[in-house]
Amino acid sequence: MISSKIRCIHFNDDKRVEILDKKEVDRGIIGNIEYAITYLKELVPVRFEIKDLKRDEFPEYPIEAYREAIVNAVIHFDYFLGDTIAIEKLKSSIVINNKGELLFPKSEFGKKSEARNRLLVDLLARTDFMEKAGTGIKRVTNACVENGNEINFEFSDSFWVTIKSNGTDKVTDKVTDKVTDKVTDNQQTIIRVIKENDKVTTSDLAEIVGISQRKIKENIAKLKEYGIIERVGPAKGGHWQIIEHD
């Protein structure tokens, strides 16, 4: 049976034992790509550097890399095998897998491209998902190099792309290790911002995180309750401190 489904799985470990979330989508080619990109984007930690309210972002995984890898999987997937494309977010890596052998010798990988599904290439060439046929692997590799990620490609009857973490999430992992089930995404963002700027104000946090100052104060109160952050000195002139857990 021909299927264009994409399976997205979020694991809590690197051994594919504990599943935190699993989704299988069938929204058509474009819808599936959009869903898979958004799925990973929501799970990828971002480290912030803030100077004069300007925020520079340093993600654990570059969106350009996993976006191109997803598009590549869709284009080169062998739809007649009746399987699904698999997108996996593990603790220390992102793995994207599609059934289908290389159509040319491995020695030419990265130098040439031969699409298994030319109609899909023509379709995606009309969208923002595909810039130029045959350059996807190079863009994936370049994005990973620039972001400090190791990347591996494996071939068999399937094609595997594994993007290793660049370690951006280690700050949050260390300080929230004992309260993993309680800390929300917004609270993790607050922790990262404070790590970069211990004098950041609640109004600045509200602008950066994208929630109200009241919500920021509620999240800060929770982080204090969890023993993750504390305020040192007065409200004006003091600073935040991350309490790191061994």
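The shown structure was predicted, so the numbers you read here are calculated from the model rather than taken from an experiment.

Of the regular secondary structure elements, the chain holds eight helices and ten strands. A total of 246 residues make up the chain; the buried ones form 44% of that total. In the chain, of all internal contacts separated by at least 6 residues, the share reaching a separation of at least 24 is 58%. As displayed, the chain offers around 13500 Å² of accessible surface, 48% of which is attributable to carbon and sulfur atoms.

Next up on the list: the packing of aromatic side chains. Inspection of the entire model under this criterion finds four aromatic pairs. Ring geometry for Phe77 and Tyr79: centres 4.6 Å apart, planes at 80°, overall edge-to-face. By the burial criterion, Phe77 is buried, and Tyr79 matches it. Put simply, the rings of Phe153, Phe155 and Phe159 pair up and form one aromatic cluster.

Further remarks concern the nonpolar core. With 41 residues, the main nonpolar core has Ile33, Tyr66, Ile87 and Ile96 as its most contacted residues. Only strand S1 (6–11), helix H1 (28–43), helix H2 (63–76), strand S5 (85–89), strand S6 (93–99), helix H3 (118–124), helix H4 (136–147) and strand S8 (158–164) provide two or more residues apiece to this core. The element best represented in this core is H2, accounting for eight residues. Once residues lying within four places of it in the same chain are set aside, the contact partners of Ile87 are Ile6, Arg7, Cys8, Ile9, Ala36, Leu40, Ile70, Val95 and Ile96. Core analysis: the second largest hydrophobic core is formed by 18 residues, Val193, Ile194, Val200 and Ala206 among them.

We note that Arg16 has phi near 60°; this positive angle belongs to a residue other than glycine. Along the chain, Arg16 turns up in the loop between S1 and strand S2 (19–25).

Right, let's get into the sheet that holds S2. The pairing of strands in a sheet happens through backbone hydrogen bonds and is either parallel or antiparallel. In spatial order, the strands read S2-S1-S5-S6-S8-S7; together these six strands make up an open sheet with mixed pairing. Lying at the two open borders of the sheet, with one neighbouring strand each, are S2 and strand S7 (151–155). Strand-to-strand, the axes of this sheet are offset by a mean angle of 10°, without reference to chain direction. Judged from the five bridges that link them, S1 and S5 form a sheet pairing that is parallel. In the sheet register, Ile6 faces S5, and the bridge partner there is Ile85. The strands that H1 touches are S1, S2, S5 and S6; relative to S1, the one it contacts most, it runs at about 10°. Along the sheet, H2 makes contact with S1, S5, S6 and S8, crossing S6 at roughly 15°.

About the criteria used
- Residues numbered from 1 in each chain as written.
- Predicted model: local features only at pLDDT ≥ 70, side-chain atom pairs only at ≥ 80, totals over all residues.
- Heavy atoms only, no water.
- Helix = DSSP H or I, 4+ residues; strand = E, 2+ residues; numbered from the N terminus.
- Buried < 20%, exposed > 50% of the residue type's maximum accessible area, 1.4 Å probe, protein only.
- Contact = heavy atoms within 4.5 Å.
- Areas by Shrake-Rupley, 256 points an atom, 1.4 Å probe, with all protein chains shown as cover.
- Phe/Tyr/Trp six-rings, centres within 6.5 Å; stacked < 30°, edge-to-face > 60°.
- Core = buried A, V, L, I, M, F, W, Y, C linked by side-chain atoms within 4.5 Å.
- Pairing = 2+ DSSP bridges.
- Axes fitted to C-alpha atoms, helices over the stretch in contact; angles between N-to-C directions.

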